[in-house]
Amino acid sequence: MELRQLEYFMVVYEELHFSRAAEKIMVSQPNLSQQIKLLESELGAPLFNRIDKRITITEAGELLYEQCKHIFLHIKQAQESISELKQLKGGSLTIGVLPR
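To keep things clear, this report deals only with the structure shown in the data block. (Residues numbered from 1 in each chain as written. Predicted model: local features only at pLDDT ≥ 70, side-chain atom pairs only at ≥ 80, totals over all residues. Heavy atoms only, no water.)

### Here's the deal with helix H2 (residues 18–25)
Inference 1: What H2 keeps buried is the set Phe18, Ala21 and Ala22. Down the axis of H2, the sector holding all buried residues measures 100 degrees, keeping them to one side.
Inference 2: Once H2 ends, the next one or two residues include Met26, with phi positive near 60 degrees. (Buried < 20%, exposed > 50% of the residue type's maximum accessible area, 1.4 Å probe, protein only. Helix = DSSP H or I, 4+ residues; strand = E, 2+ residues; numbered from the N terminus. Arc of directions from axis to C-beta.)

### Points about the packing of helix H1 (residues 3–15) against helix H3 (residues 29–43)
Inference 1: It is at 9 Å that the axes of H1 and H3 come closest, and there the two elements cross at 110 degrees. Put simply, H1 runs roughly perpendicular to H3. In this structure, H1 contributes Arg4, Gln5, Leu6, Tyr8, Phe9 and Val12 to the contact, and H3 contributes Asn31, Leu32, Gln35, Ile36, Leu38, Leu39 and Glu42.
Inference 2: A per-class count over the contact of H1 with H3 returns eight nonpolar, three polar and two charged. (Axes fitted to C-alpha atoms, helices over the stretch in contact; angles between N-to-C directions. Parallel < 35°, antiparallel > 145°, perpendicular 65-115°, else oblique. Contact = heavy atoms within 4.5 Å. Nonpolar A, V, L, I, M, F, W, Y, C, P; charged D, E, K, R; others polar.)

Read these as geometric descriptors, not functional statements.
Here's what the structure looks like:
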């Protein structure tokens with residue numbers, strides 16, 4: 001499972017349309033579909049019900065979406081913490097004093 005696949009999944013979930021999702025993230029629709037199929041294969045469960053040209057979310061898709069929101073929130077928080085550390089806005093300083 002790759003972060004890119006999870007990002008693709010989230011856009012398809014939000015758009016409920018593979019072509020619009022592909023346009024939004026600027027990838028080809030066949031590539032997007034292939035990545036979703038690989039993700040479904042790895043998870044062993046369908047994430048979307050495909051009925052003609054309409055798609056709906058499966059229970060597994062709902063669960064994955066909720067977890068993806070947490071994953072990407074944690075990634076954002078890690079990036080912000082590292083950025084603050086690089087700018088010396090945060091971190092810790094330990095000072096030692098020798099007794100007389």
